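Notes for the structure review
Next come the chains, spelled out residue by residue.
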Protein chains: 2
Amino acid sequence: MTTKNATIKDVAREANVSVASVSRVLNGLGGVTPETQKIVREVAARLNYIPDNAARSLITGRTHTIGAVLPDLYGEFFSELIRGIDLAARARGLHLLVSSSHDGVADAAAAVRAMRGRVDGMLILSEYVDAAFLEQNLPEKLPAVLLDSPVKNTRYPVLNIDNRAGAIAMVRHLVEAGHQRVAFITGPKTNFDAQQREKGYRAAMAKYAPDAPLVIVDGDFTEESGYRAARELLARKPRPQAVFAANDMMAIGCLYAFKEAGIDVPGDIALAGFDDILIARYVTPPLSTVHVSIADLGRLALERLAALLNPTDKTPASVETLGCDIVIRESCGRKAGVTVAPTKPRRVSRPSPT
Amino acid sequence: MTTKNATIKDVAREANVSVASVSRVLNGLGGVTPETQKIVREVAARLNYIPDNAARSLITGRTHTIGAVLPDLYGEFFSELIRGIDLAARARGLHLLVSSSHDGVADAAAAVRAMRGRVDGMLILSEYVDAAFLEQNLPEKLPAVLLDSPVKNTRYPVLNIDNRAGAIAMVRHLVEAGHQRVAFITGPKTNFDAQQREKGYRAAMAKYAPDAPLVIVDGDFTEESGYRAARELLARKPRPQAVFAANDMMAIGCLYAFKEAGIDVPGDIALAGFDDILIARYVTPPLSTVHVSIADLGRLALERLAALLNPTDKTPASVETLGCDIVIRESCGRKAGVTVAPTKPRRVSRPSPT
DNA sequence: GTGAAAGCGCTAACAT
DNA sequence: ATGTTAGCGCTTTCAC
């Protein structure tokens, strides 16, 4: 227990070799006799030598760390996203530096800039980030992958969720199940996902139920806004036959509003959400929804980034899209049966590409 | 767009000052004329200069980053924990490096050692970590806080959840509500939380229902194991009057088993879980459970660590405990009413310290 | 107020 | 096979 950690010099001195040899041994570069290796390893172990990554990074220019810039760490979406990223990262020996909760462009910029010298590449999911932002704040030559972003034509790959196709598939299912008057509850106006989902609803209605009125009520992704929207919808004449909420929490809010009003789901009205959060399976009746494999999104993003980290990689930047599956449970009128224990969501159909 | 990022030297040259002055200006150390400051800032902005943290860390010995070593990133527990840590960290200008999913001591050791030079301190939650492990793998003088750990008497502070008190409070409530025969479903045998919860159950039964038999069935924290345990419990004679599962997912498994068997909850049997996961409020009937403020645990851990980072801090290492609250919902017999929309969990009582 | 210079701990030429 | 040495980009004495 001395006061300072052992450095490579200490190891070299104690082992009577040069620092270069210590470095070679510990990095497995070869060109060292087995005896020297043995001595070095022994001394390193005895001194409990742990290389300093800051020094190593400074000279190699590599940190083996990737940065994830996210707007928030709240909820299932982000925990799943981080999990997917983390899994893929550690499979590649990469560490994960997370940065979240940015309340504005300046905040996001600071976060991105603070990553300089800490990471080899970045995964960015932020409404504040566009091409100009990246130009301004991203260190030169630092690879980055954008998630869930409207940005295109930059030198950075973008990975999106196919919200539009997911919404179309769900509306189509609802209409084909006999519900012409499908109402929609929107998400926050500035949210990219929410916008795409609404577009999907509109497109699908135009195609599959061209004669039905478009009924759109505002929501903000909270359970409470769903509850309010449901009450508003119940007052409409004629009452919608189905309600499609832009996310599951709002759908759950609807569920409680309907229950309170004595409206049976799916008997009196069909209900569907979007996201397939864990809760969706556990409410009564279980909620039909659009499943997005968020962990896969994270994994794919990291894999894309890892490819970029390899300097020989010449994959051009592109906008890729991750498909969604609709999951039909009882809330939209699937034949109700005994709710049984542990079941996996059933993937009913795969939305066609748009 | 040249090929390389600007360094402090580039800024110095362009501004016709020394690197020392640039450093002083950009770090706000004063001792520089306003004119010089202005020039330096302008040039730095023009060259889009972003300081390299690796170099800075190397010389200052500070990274302004803390490392979180966790066993897994799956589920609400860890997402809440990370959220709490992250919130507290960014409030202090600290970055967060996460490392997870370690399948063994060696893996955990590698994770901890890999943090050297990357972090100023660590938050560790791992069943593999004990005093010897820390001695072996933690760089000298690197502050660390242990979470949810049986370790004591080390030079590291420990922060635990008061699982035992939480379990006692719940059993007490169940007994006082008229259920003498309270059965318990355990968690994984090696899990520290699970052990403490079982101890609490045993202690509470001895105290509040000394004449009732101890009925304990094995589970492993999964919904499926809860389902199986419930079926086993239904076969017992006499049938338990209440079931207390060591976590919510198992309680939910029970719920489905009971529903399937036509057993009414709470009419025929009372049910309670532990954790207060989000789902608990949404199942039918809503699940009574023991609430743990995981985000607070993360926040407190980080605050403790932040205090340690300050070299003047002389707070002695100690074992601190975070209390739990029981949340009584309908599953254990609260007067059933109309299930209304958005409600916050009601904290019914605070368990007495053990 | 400003600059020159000495490293922080490590890797990677380049010698030997 | 091994050692010497020059930095990586920055902060921080210590002179001036």
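Residues numbered from 1 in each chain as written. Chains lettered and ligands numbered in written order. Predicted model: local features only at pLDDT ≥ 70, side-chain atom pairs only at ≥ 80, totals over all residues. Heavy atoms only, no water.

Going by an unreviewed UniProt entry, chain A carries the name LacI family DNA-binding transcriptional regulator and comes from Dyella humi.

1. As for the overall build of chain A
Scanning chain A from N- to C-terminus turns up twelve helices and 13 strands. Radius of gyration (C-alpha) of chain A: 26 Å, far over the 20 Å computed for a compact globule of 354 residues. The principal-axis extent of the C-alpha atoms belonging to chain A is close to 90 × 45 × 35 Å. Looking at chain A as a whole, 54% of its 354 residues are labelled buried. Put simply, 69% of the contacts in chain A that link residues at least 6 apart link residues at least 24 apart. Averaging the positions of the 43 positive and the 39 negative side-chain charges in chain A gives two centres separated by 4 Å. (Helix = DSSP H or I, 4+ residues; strand = E, 2+ residues; numbered from the N terminus. Rg over C-alpha atoms; globule rule 2.2 N^0.38 Å. Buried < 20%, exposed > 50% of the residue type's maximum accessible area, 1.4 Å probe, protein only. Contact = heavy atoms within 4.5 Å. Lys, Arg positive; Asp, Glu negative; His and termini not counted. Charge placed at Lys NZ, Arg CZ, Asp CG, Glu CD.)

2. With respect to unusual backbone geometry
Of note, the bond from lysine 237 of chain A into proline 238 of chain A is cis; its omega dihedral lies within 30 degrees of zero at -5°. One can find proline 238 of chain A in the loop between α10 (223–235) and β8 (242–245). The backbone of histidine 64 of chain B sits at a positive phi, close to 55°, despite the residue not being glycine. For histidine 64 of chain B, the location among the structural elements is in the loop between α4 (53–60) and β1 (65–69). Under the relative-accessibility criterion, histidine 64 of chain B is labelled partly exposed at 40%. Although it is not a glycine, aspartate 148 of chain B sits at a positive phi angle of roughly 50°. Assignment of secondary structure puts aspartate 148 of chain B in the loop between β4 (144–147) and β5 (158–161).

3. What to know about empty space enclosed by the protein
Here the structure, examined in full by the defined rule, presents three cavities of 30 Å³ or more. Taken as a whole, the largest cavity spans an internal volume of roughly 180 Å³. For the lining of the largest cavity, the elements supplying multiple residues, two or more each, are α4 (53–60) of chain A together with α4 of chain B. Split into classes, the residues belonging to the lining of the largest cavity amount to four nonpolar, ten polar and two charged. (1 Å grid on protein atoms, 1.4 Å probe; cavity = no way out; pocket = protein on both sides within 12 Å on 5 of 7 lines; lining within 4 Å. Points joined across faces, edges and corners; volume = space filled by probe spheres on them. Nonpolar A, V, L, I, M, F, W, Y, C, P; charged D, E, K, R; others polar.)

4. A look at the packing of aromatic side chains
By convention here, two paired aromatic rings are described through the distance between centres and the angle between planes. Applying the stated criterion across every chain, the model contains ten aromatic pairs over all chains. Between phenylalanine 77 of chain B and phenylalanine 78 of chain B, the ring centres sit 4.9 Å apart and the planes meet at 75°, which makes this aromatic pair edge-to-face. Accessibility expressed as a relative area gives 13% for phenylalanine 78 of chain B, which makes it buried. Each ring, one from phenylalanine 184 of chain B and one from phenylalanine 244 of chain B, has its centre 5.6 Å from the other, and the planes form 75°; the classification is edge-to-face. Note that phenylalanine 184 of chain B is positioned in strand β6 (residues 182–185) and phenylalanine 244 of chain B in strand β8 (residues 242–245), a separation of 60 residues in sequence. Of the two residues, phenylalanine 184 of chain B and phenylalanine 244 of chain B, both sit in the buried class. One aromatic cluster is present, built from ring pairs that chain together Phe184, Tyr201, Phe244 and Phe274 of chain A. (Phe/Tyr/Trp six-rings, centres within 6.5 Å; stacked < 30°, edge-to-face > 60°.)

5. Here we look at the sheet that holds strand β9 (residues 270–272) of chain A
Residue and element names in this part refer to chain A. The parallel open sheet is built from four strands, whose spatial order is β7-β6-β8-β9. Of all the strands in the sheet, the pair left with one neighbour each is β7 (215–217) and β9. Sheet twist, expressed as the average angle between the axes of neighbouring strands with direction ignored, equals 20°. Alignment of β8 against β9, held across three bridges, turns out to be parallel. Paired with alanine 242 across the strands is alanine 270, a residue of β9. Helix α9 (residues 192–208) contacts β6 (182–185) and β7 of the sheet and is inclined by roughly 165° relative to β6. (Pairing = 2+ DSSP bridges. Axes fitted to C-alpha atoms, helices over the stretch in contact; angles between N-to-C directions.)

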